[in-house]
Amino acid sequence: MKKMLTIGGLSPHAVKKALLVMKLTFLLVFVAALQVSANVSGQGRVSLTLKQVEISRVLNSIEKQGTYRFLYNSRLTTIRKKVSVDVTDMTISELLKNMFNGTDLTFKMLENNLIVVVSNSTAPQDIKVTGTVTGASGEPLSGVTVSVKGTANATSTDNNGNFTITVPEKGTLVFSYIGYQTQEVAVNGQAVITAKLAPSTRALDEVVVIGYGQASKRDLTGSIVKIDGKEIADKPNVNPVSSLQSKVAGVYIVNSGDPGQQPDIRIRGTTSIGQVHPLYVVDGIFQDDISYLNANDIESMEVLKDPSSLAIFGVKGATGVIAITTKKARAGQTIINLNSTQGWKKLVDAPKFADATTFKTLYAEELANTGITTPPNFTGLDANTDWIKAVTRTANFQTNNLSISSSTDKNKFSMGLGYTKDQSVVNHIQLDRLNINLSDEYKLNKFIRVGTNLIVSRTHNPYIYDDLGDVNGSNVLNDARQVVPLLGTGTKSFRLKNLYGTDTTNQNIYPLAPTLQLAGVVNPLLKLNNEYNKTIDYTYRYVGSAFAEINFLKYFTWRTTVYGDISDQNKRQYRPTYYAFDPVSLAIQVQNPLTSVQEKSVTTRKFQQDQILTFKSIFNEHSITASGGFTTYYLGNFERDGKAVQGTYGPIPDDKRFWYITTNFEDPATAIASGSQYEYTTVSYLGRILYNYANKYYLTGSYRNDGSSQISGPHRHQGFWAVGAGWELTKENFMASQHIFDFVKLRGSVGVLGNQNTYDPSTGLAAPYLFDEVLTAGTVTPFGNTLYSAAQPAYKPDPDLAWETVHAQEIGFEANALNNRLHVEFNYYNKKTENLMTVITNGALGIFNEVTNAGSLRNWGEEVTASWNQRLTNDLSLRISGNITFMKNRIEALSPLLAGGKIIRTSQNNGQQASYTQPGYPIAYFYGYQQVGIYQSQQDISSSPDASAIGTYHPGDFKFKDVTGDGKIDVDDRTKIGDPSPNFIYGGSVGLTWRHFDLGVDIGGVHGNQIFRTWAALESPYQFVNYAAFQINRWHGPGTSNKVPQVNSGERYNYQGSSYSIESGSYFRIRNVQLAYNFDTKMLAKAYIKNLRIFANVQNLKTWRHNSGFSPEFGGDATSFGVDYGKSSSALPMITSVGLNVTF
Amino acid sequence: MKQSTKIFGMIASGLLIVASFSCKKFLDRKPLQATLQDVQAAQGTLEAQSLGLYYTLRTYAGFSSLPWIDMHSIRGDDAAKGSDANDGKEVIAEFETFQYTKDDWATDTYWNDHYTMINLANAEIHIGDSLKLTDPATLRELGEAHFFRAYSFFELVKAYGQVPLINYYFVNPADGIRPKSSIDSLYAQIDADLDTASRYLPLSASEYGSNYAGRLTQGAANTLWAQTHLFRKNWDRVKSLCNTVINSGQYSLLPNFYDVWKDGVFGQGKNSSESIFEMNAYAGVNAQSIGSQNQGQDGWGTAQQVRKDGAPVEWNLGWGWNVPTDTLVAMWDNTDPRKNMTILYSGQSDGGSSQGGWGATLPAYSDPLGSTGLAEKYWNKKLYTGNDPAQRQATGFVGGSGGAPWIDHRILRYADVYLMLAEAANELGDGATAESALETIRNRASGNLGLTRTILPHIAFTSQAQMRTAIKKERLWEFAMEGYRFYDLVRWTPASDGIDALTVLAPLGYQARNQYYPIPQPAIDISAGVLKQNPNY
């Protein structure tokens, strides 16, 4: 026993310490049991002289005399008290009584001369406490961290809000939970503790991820918004970022209706003319896209917007950062969670196109207008099809997730399995994804922690109808609206030779678009229904990391993290051969007469390592956290493509077995391969300091230097920095007497951030080599039948290129008032982007595109966020929050090399949809003529300014405004006709909790932007398409319309980009309505269920808008966005879903 | 504890040291693909860049597809847009009836692509000059660059009149903005370039190697040069250059007119002895299904093949552009054998192999929309002759996947040398030479029936005016829909015989200002006022 004590007393080793605690507890119990029956025999005598030694030493000396043995907890502080002893032949009990006099020590004599020394005042009586944690309105809170103050001992509540923890009876429990105020409760011997947490509109001491570390939000000088993973987990969106729409001030999101497509997301405006989307940092690794993540695996998302939090991301920080933390096991329990959602997607408010009657009326008129007297032949064209309806459906959305997590003192483990199915409202287009998530963290000892994290996903990519992945979405809807309504959607049976054999069978085949619209217009059903299931396209992605964290010298932490992200896309596409028929002549046509196979493989590898040293200390009133380190990043992308056509055996069978390049069904002479590849690296050094004095004055500073392999010139290494300051007013004496404000903090920061734009000037895609004269791939020249390699530069390199920089400032305040029920936050931001990486596209000069640095643009605005929480009755509580962001954008200057001084982005066949980026104007504004009416008559034309410089025109054509007032209308009369950037965006939510019910309504909207609609305005001259329904209001004689021109696609005068195409982009939407019911936990306990929640949700319930497209949301890139091409990305459906969440 | 701290410290500083040493190496990464410098270093010549110019010629629509056809052919009275009434409606206004536009895909592309070629040639010449390479291969390649620059400027000066003279290599885009230069200075540049080209280029393409048929030769430079002088009425230079080409002994007229347009499997009919310069196109086996082996890029051949509309699918040959006009058909004597070799009639036999056909009968014309048949009465048979069914099968452009991207564009052909010679000689008062040169063309057109023939009879010189009119007419028949007619009419304006643009094209809406197309608005916009629009637009 003595030996045991000694070990316990001296070893610093944590393991042994734990043992001691257990054994000591056992002993104390044992002692207590013995007390009753023990014979007290303390009559032995001792003699001893010692000066100023610890009591333990005295006891030790007594033991050495041989009679008595002592048992005590060596951690008792009073045992170290120094005493002087000078006794001769005194009874042991008397000696101890004297010596312990004035201390909290007492003793008990046991048998065999064993003496137990205990402290009577702080008897470490650990007791077991159970309890429940609820929110203000009594709803159980799960996952609340319950810790013993001043110790590492912690657990978390289960889904009923219940917890059990062992605690010293005089200890204090600390309850902390994201979104709630941290609460401390003194145990004072209570065995059951119920904590009711007040929701915090501002969790002041909430820990937020800030890049290369975490910090208490209180210590920061910028605005960081944290979104709980719960808020996005039950929303029917595959890409978790989509769910942030209208939720966060300063974050403008345009969602896509295509499964798997990223939303267009811009934080605090359009900060560049290149890349505008934010950087995603997922558990530390840098990503451009997080569509591989399962929303259910997300613990929290932090939106970083201000310079003081972004400078640490250096060359990638300028566009803002969304930091994502995935779920890890919570302390102290095993949780099995099952989550399932079923949803139905439906296209609502689709645009209307001409029906059969309208079409015939307008077409006859059009032919007459173009001088064609032959009546059209509509044989076989007797349908009245709503083509949008014909290619769309009520689609299904589904997620199922299972997660298991468990933790002990040393090990935290969690795993998750998820399945997501997302169908497009467009027939047959569907995305499926399987996710596996594993994380484990192990505490080697008190100083070293190691862990790994792995996310594996398998995505079954949706079928791409157009071959080319167009950011504006699939062409199915665009094709559908183009087909004349006279064409039926059905198939027709023909007796035909089997294309895959020699027999003849009855086959049901689809019609082609009628001859009258042969060029470029297709029957979308023909291709979609014959080819949608001939593509096997999977992306496998493995994102993993491992870290070791070492604490040393009390204040230091060294953290090494290595990350790997390997993505493999494997695509096999089979081109079947099939029949189609001409709906008029009933002639049969073979589509794709030769079957072929295409294989594609894209491998992307990313490796990142972070080495970070952190110093953290508090002395007196000074608190300092300083970090420094370095990080490297590698990205490689390798793509291989192969194709082959059928050989002499005939068609490659319509069987997945043979959908490979080499199966012996191919003609080897046709088998060809191609590929493309690039890689780049960065090496960076970084440092950051967070300082505060007395939790009242805050200072932060950060610096990062990035070296980039993409830059070989003088600007290879660039530095970025930020400093910030904060002042917590409510800590000042002069604020002490007021009772309105609970918390007020003023803050501001300034810094320089970087934007690692990567352009391919010719395609707008990432071009990793801007400094070398790379060649256009596959350039050849034939002479006769011999092909020779030729060289054509892909673009013009600029040897002096540097990454663009953003000079950013933020100033703001946040305040809690009225007993923390009201929270208000205000920020003013100003960001000036310098050295814009500008694509010089000078086709009219006959030169290749290049990227140079020059020009600047500015984004500035105000963000206001407010929220109110109130408990109305015992059963009813209310949460209201809202945010609004006023945003402005102006191009300050552009590269002098940019001939014409502006960036002109045009689209449509004749380049008449123009987006201009020009100094003094907002980015990508719409440029064209101002329509003031329609020429009603020849007399109207003669009495109006001459417009013949634009083209030949007649009554029924557009009347444009003479902007210059020079009496004629020509190209100089083109002007700004719209701006795709909103003046302000806003969002809000109302939450009501009544007993077990929970109702949440989210709203949002944008205001003041315009949309450029290209369809039914700027059709290609090479095709003839169906009319929009509103064209029935066309001009067809004096006085019939002053807005919609005559139907005459030969009159190209009307195909000028003008305000006729401009529609208001403002909208207000009920984004989300959710009703949930939390079952009574007592009832559930009988079924061994800890928690059960069911909910119903409607997303995009109703949108009030002014434009005629599928929705008011049109994304794009920096210098061309907000254009309605009639494609599927804007076809945002209403999604109704129901789900359940059960925890065991 | 202390010791472990030391160890950590050592590891940390070690990592930092390793990091800073390997940092440079980690960051030094060359492209994982060839750069222009890599290619030049591997070849030691300008070969790759030179071949890139042919790539530009073939793949840029301004040289090889609709914009070229619009500017050159559809503006003439011999050719119309074709296709059907719903397709490319605006082209009727812009090119058939002279309601020129300032901003349109076709005209913008035409301008941009020619300046692209000029700048690519400038870059090659710049590198050649700075490397001071004088080996025969490099000189030939420089000759090609000079040819393409001259070719592009000539096309521009014909289309727009005064244009910016960019005859230098520049890095800064602003240096590419220049006001218009005078037509004289543009021609001076053309002369200088063609002088260089005619000296540097080889006499025969075989000097490049064994499989280079169709690559530029001295003959091409001299023929183009003669054309440029023809437009300036430098008759003696035209005459001497034509004689140089004839005397080179490199070229001969093919016995059958239709053989000029044969373009079959394995390159049969391409780069014939009558072809002085041809844009070479290629489509490999199963090119339609493979895609990337379709090197013709659809432009030239596909654009001008019969358009299906309401006809059976085997007539889905192309887009159906550049078709004969009623005027051409009506005024053309049926006895001229070239007529049936140039005009393909809807609803009739293609004439079979004796007339360059393939033995098929075309579906009938139905109406301008082609509701139940073809939408045009006539089609361009010169291209149809290149539509070898065997080649169509081999390349896979069949059924719903129509197109004819393998067909070469005969840009300079030997027949033009004779007609240029005839015209120049006649203007110089050398009636005998004019008569003989004209006869060469007419005799071949008749099927080499000799002087006693009754069709396309020999035309004896009686007066300069008589011969001039005869040559003008001959050019129309010989070159119908080949893109000569509009510019011929313009350069003959005004003419006492009434064969000039103002007279012939006036019913279509032509006015004097239509000699030049307006400069595309984007080019004006980009110059910020430096480049001025053409007069009267």
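A. Region of interest: the overall build of chain B. When helices and strands are tallied, chain B shows 23 helices and six strands. At 27 Å, chain B has a C-alpha radius of gyration in line with the 24 Å of a compact globule built from 537 residues. Principal-axis analysis of the C-alpha atoms places the extent of chain B at approximately 115 × 55 × 50 Å. Counting over 537 residues, chain B shows a buried share of 63%. Taking as baseline every contact in chain B between residues at least 6 positions apart, the subset at least 24 positions apart corresponds to 69%. Counting only carbon and sulfur atoms, one obtains 55% of the accessible surface of chain B, whose full area is about 17,900 Å².

B. Here's a closer look at the nonpolar core. Of all hydrophobic cores here, the largest spans 125 residues; its most connected members are B:Trp111, B:Phe147, B:Tyr160 and B:Phe277. Looking at which element gives the most residues to this core, the answer is helix H8 (residues 136-160) of chain B, with 12 residues. Listed in part, the 49 residues of the second largest apolar core include A:Phe353, A:Ile429, A:Leu512 and A:Leu516.

C. How the structure looks around unusual backbone geometry. The residue after B:Thr493, namely B:Pro494, is reached through a cis peptide bond having omega -5°. With respect to the helices and strands, B:Pro494 occurs in the loop between helix H21 (485-491) and helix H22 (501-504). Positive phi values are uncommon outside glycine, yet A:Asn695 reaches one of about 50°. On the secondary structure map, A:Asn695 appears in the loop between strand S35 (672-693) and strand S36 (697-708). Phi is positive for B:Leu456, which is not a glycine, with a value near 40°.

D. Geometry of the environment of B:Ser130. Residue and element names in this part refer to chain B. By the element assignment, Ser130 lies in helix H7 (residues 105-131). Taking the C-alpha atoms as reference points, Ser130 and Ser354, separated by 224 residues in sequence, lie 54 Å from one another. Here the side chain of Ser130 touches His126 through a polar contact of 2.9 Å, landing on its backbone oxygen.

E. Seen up close, the confidence of the model for chain A. Mean pLDDT over chain A works out to 87, with 92% of the residues at or above the 70 mark. Predicted confidence for residues 1-41 of chain A stays below pLDDT 50, and this span has 25 contacts to residues more than four positions away or in other chains.

F. Structural view of the interface of chain A and chain B. On the chain B side, the residues contacting the 108 residues of chain A number 98 residues. In total, about 8,500 Å² of surface goes out of reach between chain A and chain B, with carbon and sulfur atoms giving 61% of it. When the buried surface of chain A facing chain B is broken down by residue, A:Phe783, A:Ala844 and A:Tyr1022 rank first, second and third, together holding 8% of it. Its salt-bridge partner being A:Arg716, residue B:Asp28 comes within 2.8 Å of it at the nearest N-O pair. In this structure, the connection of chain A to chain B is made through 28 residue pairs in polar contact (both at pLDDT 80 or more). At nine residues, the largest contribution of residues to the side of chain A that touches chain B is made by S35(A). By residue class, the composition of the side of chain A that touches chain B is 55 nonpolar, 40 polar and 13 charged.

G. Seen up close, the pairing of strand S49 (residues 925-928) of chain A. All names here are of chain A. Burial along S49 is two-sided: Tyr925 and Tyr927 and Phe926 and Gly928, pointing in opposite directions, are all buried. Two elements, strand S48 (residues 913-917) and S49, share three bridges in a ladder whose sense is antiparallel. Considered in S49, the bridge of Ser915 is made with Phe926. In terms of strand pairing, S49 meets strand S52 (residues 975-978) through three bridges, oriented antiparallel. If you follow Gly928 over to S52, its bridge partner there is Thr975.

H. Inspection of the packing of aromatic side chains at higher detail. Applying the stated criterion across every chain, the model contains 82 aromatic pairs over all chains. Taking 4.9 Å as the distance between ring centres and 50° as the angle between the ring planes, the aromatic pair formed by A:Tyr363 and A:Phe1024 counts as tilted. Residue A:Tyr363 is located in helix H7 (residues 356-369), and its partner A:Phe1024 is located in the loop between strand S55 (1010-1013) and strand S56 (1062-1064); the two are separated by 661 residues in the primary sequence. Classification of A:Tyr363 by relative accessible area gives buried; the value is 1%. Between B:Phe486 and B:Tyr510 the ring centres are 6.1 Å apart and the planes differ by 70°, which places this aromatic pair in the edge-to-face class. In this pair, B:Phe486 is assigned in helix H21 and B:Tyr510 in the loop between H22 and helix H23 (521-526), connecting sequence segments 24 residues apart. Here B:Phe486 and B:Tyr510 have matching classes, each one buried. Here the aromatic residues B:Phe95, B:Phe98, B:Tyr100, B:Phe154, B:Tyr187, B:Phe231, B:Phe486, B:Tyr487, B:Tyr510, B:Tyr517 and B:Tyr537 are joined through ring pairs into a cluster of three or more.

I. Just the pattern of salt bridges, in detail. The tally for this structure, following the rule as stated, stands at 77 salt bridges over all chains. Note that A:Glu365 is salt-bridged to A:Arg1034, the shortest N-O span being 2.4 Å. Taken together, the positions of A:Glu365 in helix H7 and A:Arg1034 in the loop between S55 and S56 put the pair 669 residues apart, joining distant regions of the chain. Of the two residues, A:Glu365 and A:Arg1034, neither departs from the other in class, the shared state being buried. Measuring nitrogen to oxygen at the nearest pair gives 2.8 Å for the salt bridge that ties A:Arg559 to A:Glu549. Pair noted here: A:Arg559 is in strand S30 (residues 556-575) and A:Glu549 is in strand S29 (residues 535-552), with a separation of 10 residues, a long-range link. When its relative accessible area of 29% is taken as the criterion, A:Arg559 is described as partly exposed. By sharing partners, the salt bridges in this structure join B:Glu274, B:Asp336, B:Arg338, B:Lys382, B:Arg413, B:Arg442, B:Arg444, B:Glu474, B:Glu478 and B:Glu482 into a single network.

J. Spotlight on H7(B). Residues and elements named next belong to chain B. Helix length check: H7, at 27 residues, gives a terminal C-alpha distance of 38 Å against a target of 39 Å (1.5 Å per residue), a fit within 8%. Taking the backbone nitrogen of Ala106 as reference, a side-chain oxygen 3.0 Å away marks Asp104 as the first, capping residue of H7. Residue Lys132 follows H7 closely and has a positive phi angle near 55°.

K. Inspection of the sheet that holds strand S5 (residues 114-119) of chain A at higher detail. Residues and elements named next belong to chain A. The sheet built from three strands is open, its strands ordered S2-S5-S4 with mixed pairing. The outermost strands of the open sheet, each flanked by one partner alone, are strand S2 (69-72) and strand S4 (105-109). For this sheet, the mean angle separating the axes of adjacent strands, direction not counted, is 25°. Pairing of S4 with S5, which is carried by five bridges, proceeds in the antiparallel orientation. Bridge pairing in S5 links Leu105 to Ser119. Set on the sheet, helix H3 (residues 55-64) makes contact with S2, S4 and S5; between it and S2 the angle comes to about 150°. Helix-sheet contacts for helix H4 (residues 92-100) involve S2, S4 and S5, and the interaxial angle to S4 is about 165°.

L. Broad picture of the pairing of strand S32 (residues 588-591) of chain A. Residues and elements named next belong to chain A. Only one face of S32 is covered, namely the face carrying Gln589 and Gln591; the face carrying Ile588 and Val590 is uncovered. Bridging between strand S31 (residues 578-581) and S32 involves four bridges; their strand directions are antiparallel. Within S32, the residue paired with Tyr579 across the bridge is Val590. Taking the residues between adjacent antiparallel strands as the criterion, S31 and S32 are bridged by six residues, where Leu586 takes a positive phi near 60°.

M. Highlighting the side chain of A:Asp979. Residue and element names in this part refer to chain A. With respect to the helices, strands and loops of the structure, Asp979 is situated in the loop between S52 and strand S53 (984-994). It is Lys976 that comes nearest to the buried, bridge-free Asp979 among opposite-charge side chains, at 4.6 Å. In this structure, Asp979 is in contact with Pro922, Ile923, Tyr925, Phe926, Gly1008, Asn1009 and Gln1010, ignoring residues within four places of it in sequence.

Cut-offs and rules
- Residues numbered from 1 in each chain as written.
- Chains lettered and ligands numbered in written order.
- Predicted model: local features only at pLDDT ≥ 70, side-chain atom pairs only at ≥ 80, totals over all residues.
- Heavy atoms only, no water.
- Helix = DSSP H or I, 4+ residues; strand = E, 2+ residues; numbered from the N terminus.
- Rg over C-alpha atoms; globule rule 2.2 N^0.38 Å.
- Buried < 20%, exposed > 50% of the residue type's maximum accessible area, 1.4 Å probe, protein only.
- Contact = heavy atoms within 4.5 Å.
- Areas by Shrake-Rupley, 256 points an atom, 1.4 Å probe, with all protein chains shown as cover.
- Core = buried A, V, L, I, M, F, W, Y, C linked by side-chain atoms within 4.5 Å.
- Polar contact = N/O pair within 3.5 Å; in protein donor to acceptor, adjacent residues only side chain to side chain.
- pLDDT = per-residue confidence, 0-100.
- Buried area = accessible area lost by both parts, 1.4 Å probe.
- Salt bridge = Lys/Arg side-chain N within 4 Å of Asp/Glu carboxyl O.
- Nonpolar A, V, L, I, M, F, W, Y, C, P; charged D, E, K, R; others polar.
- Pairing = 2+ DSSP bridges.
- Phe/Tyr/Trp six-rings, centres within 6.5 Å; stacked < 30°, edge-to-face > 60°.
- Expected span 1.5 Å × (residues − 1).
- Axes fitted to C-alpha atoms, helices over the stretch in contact; angles between N-to-C directions.
- Lys, Arg positive; Asp, Glu negative; His and termini not counted.

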